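Results of the structural survey
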Amino acid sequence: MKKYDKLIFELSRPGRKGYQLPADNFGTDGLAAMPAGLLRQNAPELPEVSELDVVRHYTNLSNKNFGVDTGFYPLGSCTMKYNPKINEEIAAMPEFAALHPLQDPDTAQGALELYYNLQQALSNISGLAEFTLNPYAGAHGELTGLMVMRQYHISRGDTRRTKVIVPDTAHGTNPASAMVAGLEVVEVKSKPNGSIDVEDLKPLLDDTIAGIMMTNPNTVGMFETEILEIADLVHKAGGLLYYDGANLNPLLGKVRPGDMGFDIMHINLHKTFSTPHGGGGPGSGPVGVAAHLVEFLPNPRVRKDENGRFHVGGSDKSLGNVSTFFGNFGVMMKAYAYILSLGRDNIRNVGPMATLNANYIKESLKDLYKLPIDGVCKHEFVFDGLADKSTGVTTLHVAKRLLDYGFHAPTIYFPLLFHESMMIEPTETESLETLDEFIDAMRKVANEAAVSPEIVKDAPNTTPMSHPDETGAAKDPVLSYRALKNSAKWTQIS
Ligand SMILES: *Cc1c(COP(=O)(O)O)cnc(C)c1O
């Protein structure tokens, strides 16, 4: 094992230091003022390492990571596109980053203006009346939007509406958010082509339905062409339409959920609008609503008066607060910079390019991989594993073998519609050469599977770790060095 592959605790040597603190930072008085019971008796068990060892350890660790900055990342449903680095610099500007959320709004007019303008831009892009930018992520936006839906029905005394219709292709967060919002989930089936079966929907629409949640294009990358009829049916039955905006990328500037008949939606700023989220970092899930739902949006809200000044306010009918202050402001800054830098005209190119890239990969591989839903897809599509399944090479094996070729795996085993789902989303930002390299690797893997399947089944061989115990990691996690030393795993490692 190389020195820096070890755990940082194993590099520890008694007395070695990587820092210098001022001799007496708190003063003896400060320490004396601390109640004796709160003072620790023994030194904490921390690694004792030099600065250089710390730097090398973490730099080496970071190099083992795969990210959009290191290679192609076709993770369907997640829109892992290139996010311009300049937006990071903008988000770090101290004029914004150093603001305190409790300072007088008169001294933070620029930040409030940015919030207001971004909200307006998202309204224009989506065709909905107003947005709140407060929720922290897509799933949080779903919960917020469903609370708006509930609040709307309750305000009309329509308290029987407690069910939400969710398609069987939906992202897992949809039914989960509905449950957390106190609503019951009713499933609607999809047709073989992946779109909602309108005939299956009709009998579900009674006066207990609060609304329907949809993703369009849906999770198999197909546009729901019957959306206008679906919207009409749901509205006539007294329900509302919720749009899961995780797949907004291919529609940017082209088609608007509000025009399709949706009343409520969320947008994942960290998917469509320039925030890297590979490590699950800070996100933002703005929620937009049609005019008749604006008063239920969460507080606080930003208002603009006739003199162009911005105020922090709220509505009495609001469902309350869903975040601390205004949510993740840095993410909003990146989204705003991204929208302004593309502009009204260029933002229209995002969708067609993402769509072209997805269809190019699909058509280049469909002779070797099983394509259950043929036809023109939007920004992503789903293969149902290899066309030839006789060798026992599964989607999991293919995904792991791709790592050896230097690519991140696509999303696998989602959607649940097919047994061997492999969901590929290239995004609009990849070059033709990168797409060709990926196609080449996918073809190589399929050929290996046919000729020497063991190579694929044993993969990956070039990654720092080959076959981690994924179930064990989830069911019996060992999360600290001390726990590791006391566990059976320690003897395996050392
Ligand atoms: C990512 C995603 C979500 C959830 O969004 P988060 O920001 O990860 O909470 C919901 N629906 C779909 C279709 C998604 O792809």
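Residues numbered from 1 in each chain as written. Predicted model: local features only at pLDDT ≥ 70, side-chain atom pairs only at ≥ 80, totals over all residues. Heavy atoms only, no water.

1. Brief notes about the nonpolar core
Formed by 53 residues in total, the largest nonpolar core has its most connected members in Leu-118, Leu-122, Leu-248, Leu-269 and Phe-273. Counting residues per element, the ones that place at least two in this core are α5 (109-126), β3 (184-188), α8 (198-201), β4 (209-214), α9 (227-236), β5 (240-244) and α12 (329-365). Leu-269 has contacts with Leu-118, Leu-122, Ser-274, Thr-275, Ser-284, Pro-286, Val-331, Met-332 and Ala-335, leaving out every residue within four places of it along the chain. Judged by nonpolar contacts, the second largest core, of 33 residues, contains Met-222, Cys-377, Leu-435 and Phe-438. (Core = buried A, V, L, I, M, F, W, Y, C linked by side-chain atoms within 4.5 Å. Buried < 20%, exposed > 50% of the residue type's maximum accessible area, 1.4 Å probe, protein only. Helix = DSSP H or I, 4+ residues; strand = E, 2+ residues; numbered from the N terminus. Contact = heavy atoms within 4.5 Å.)

2. What to know about the site of the ligand
Within the structure, the ligand sits among Ser-77, Ala-137, Gly-138, Ala-139, Glu-142, His-171, Thr-173, Asp-244, Ala-246, Asn-268, His-270 and Lys-271. Between the ligand and Ala-139, the relevant distance is 2.8 Å, taken from an oxygen atom to a main-chain nitrogen or oxygen of the residue. One of the side-chain N or O atoms of Lys-271 is found 2.8 Å from an oxygen atom in the ligand. Here the ligand has 380 Å² of accessible area as a free molecule, and 87% of this is covered by the chains. At the level of secondary structure, the elements contributing two or more residues to the shell around the ligand comprise α6 (138-155) and α11 (269-272). With 3 residues, the top contributor of residues to the shell around the ligand is α6. Class assignment of the residues belonging to the shell around the ligand gives a composition of 3 nonpolar, 6 polar and 3 charged. (Near = heavy atom within 4 Å. Polar contact = N/O pair within 3.5 Å; in protein donor to acceptor, adjacent residues only side chain to side chain. Areas by Shrake-Rupley, 256 points an atom, 1.4 Å probe, with all protein chains shown as cover. Nonpolar A, V, L, I, M, F, W, Y, C, P; charged D, E, K, R; others polar.)

3. Observations regarding the sheet that holds β5
In space, the 7 strands of this open sheet follow the order β1-β7-β6-β5-β4-β2-β3, with mixed pairing throughout. On the outer flanks of this sheet lie β1 (130-132) and β3, each paired with one strand and no other. With strand direction ignored, the average angle separating the axes of adjacent strands in the sheet is 25 degrees. The pairing of strand β6 (residues 264-266) with strand β7 (residues 287-289) spans 3 bridges and is classified as antiparallel. Its bridge partner being in β7, Ile-264 is matched across the sheet by Val-289. Contacting β4 and β5, α9 crosses the sheet at an angle of about 140 degrees to β5. (Pairing = 2+ DSSP bridges. Axes fitted to C-alpha atoms, helices over the stretch in contact; angles between N-to-C directions.)

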